[in-house]
Structure formats: C-alpha cells, structure tokens
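Architecture at a glance
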Amino acid sequence: PYSALDSICGTLHSVDQYLNIKLTDISVGRGHFKGLSVKNCFIRGSVLPADEVDTQLLQMAARKEALQQKQ
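Residues numbered from 1 in each chain as written. Predicted model: local features only at pLDDT ≥ 70, side-chain atom pairs only at ≥ 80, totals over all residues. Heavy atoms only, no water.

- An unreviewed UniProt entry lists the chain under the name LSM2 homolog, U6 small nuclear RNA and mRNA degradation associated, with Microcebus murinus as the source organism.

Encoded structure:
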C-alpha cells in the first residue's frame, strides 16, 4: 500500500508501555516527505505496523525508562 511517509530515522528519546514513541533529531528517508527534518516527534504505538517494528527492543527501552524514572 502507498505510504506518504515510508521511513523515519531519529534518536529514541522515550517509549511507554503502550509503545508510544518520542524521537529526537528526526529525518525522513523516503516517501512523500523525503528530506524533511524536525527536532522531535511523537508516534502513537497503535499506528505502528507490528510486523515491521522491533517490539522487543521497544519493550526493553520502556523498562529501562521506567527504572530511571523510579530513581
């Protein structure tokens, strides 16, 4: 299927238990918005394609962030 936004690259800032993601220093690699660059963005976990996302990596990041917030 057509996607106006084929890829986003950035630094993972945070992720929560719902796999909502905050990225910083974003650049768009392909698609309709190629070349776009923004400081940060938020992606709702419910819109992530499960077969294309490393959910294990995101879950580990969410656990790490939860531990840091407790300290």
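Side note on the overall build of the chain
- When its secondary structure is counted, the chain shows one helix and three strands.
- Mapped from its N terminus to its C terminus, the chain presents α and β elements in the order β-β-β-α.
- With 71 residues in all, the chain has 21% of them scored as buried.
- Taking all contacts inside the chain whose residues are at least 6 apart in sequence as the whole, residues at least 24 apart take part in 35%.
- Within the structure as shown, the chain displays about 5,700 Å² of accessible surface, and the carbon and sulfur contribution to it stands at 54%. (Helix = DSSP H or I, 4+ residues; strand = E, 2+ residues; numbered from the N terminus. Buried < 20%, exposed > 50% of the residue type's maximum accessible area, 1.4 Å probe, protein only. Contact = heavy atoms within 4.5 Å. Areas by Shrake-Rupley, 256 points an atom, 1.4 Å probe, with all protein chains shown as cover.)

A word on the nonpolar core
- Membership of the largest hydrophobic core is limited to nine residues, which are Val15, Leu19, Ile21, Leu23, Ile26, Ile43, Leu58, Ala61 and Ala62.
- Leucine 58 has contacts with Leu12, Val15, Leu19, Ile21, Leu48 and Val53, leaving out every residue within four places of it along the chain. (Core = buried A, V, L, I, M, F, W, Y, C linked by side-chain atoms within 4.5 Å.)

Observations regarding the environment of serine 37
- Tracing the chain through its elements places serine 37 in strand β3 (residues 37–43).
- Those residues in contact with serine 37 that sit more than four places away from it in its chain are Ile26 and Ser27.

Overview of the side chain of asparagine 20
- As for its placement among the helices and strands, asparagine 20 is situated in the loop between β1 (5–15) and β2 (21–31).
- Beyond its immediate sequence surroundings of up to four residues, asparagine 20 is in contact with Ser14, Val15, Phe42, Ile43, Arg44 and Gly45.

Overview of the environment of asparagine 40
- Relative to the helices and strands, asparagine 40 is located in strand β3.
- With a relative accessible area of 42%, asparagine 40 lands in the partly exposed category.
- Along the chain, asparagine 40 and leucine 23 lie 17 residues apart, while their C-alpha atoms are 5.4 Å from each other.

Here we look at the side chain of threonine 24
- Turning to its location among the elements, threonine 24 is positioned in strand β2.
- What threonine 24 contacts, discounting residues up to four positions off in sequence, is Gly10, Thr11, His13, Lys39 and Asn40.

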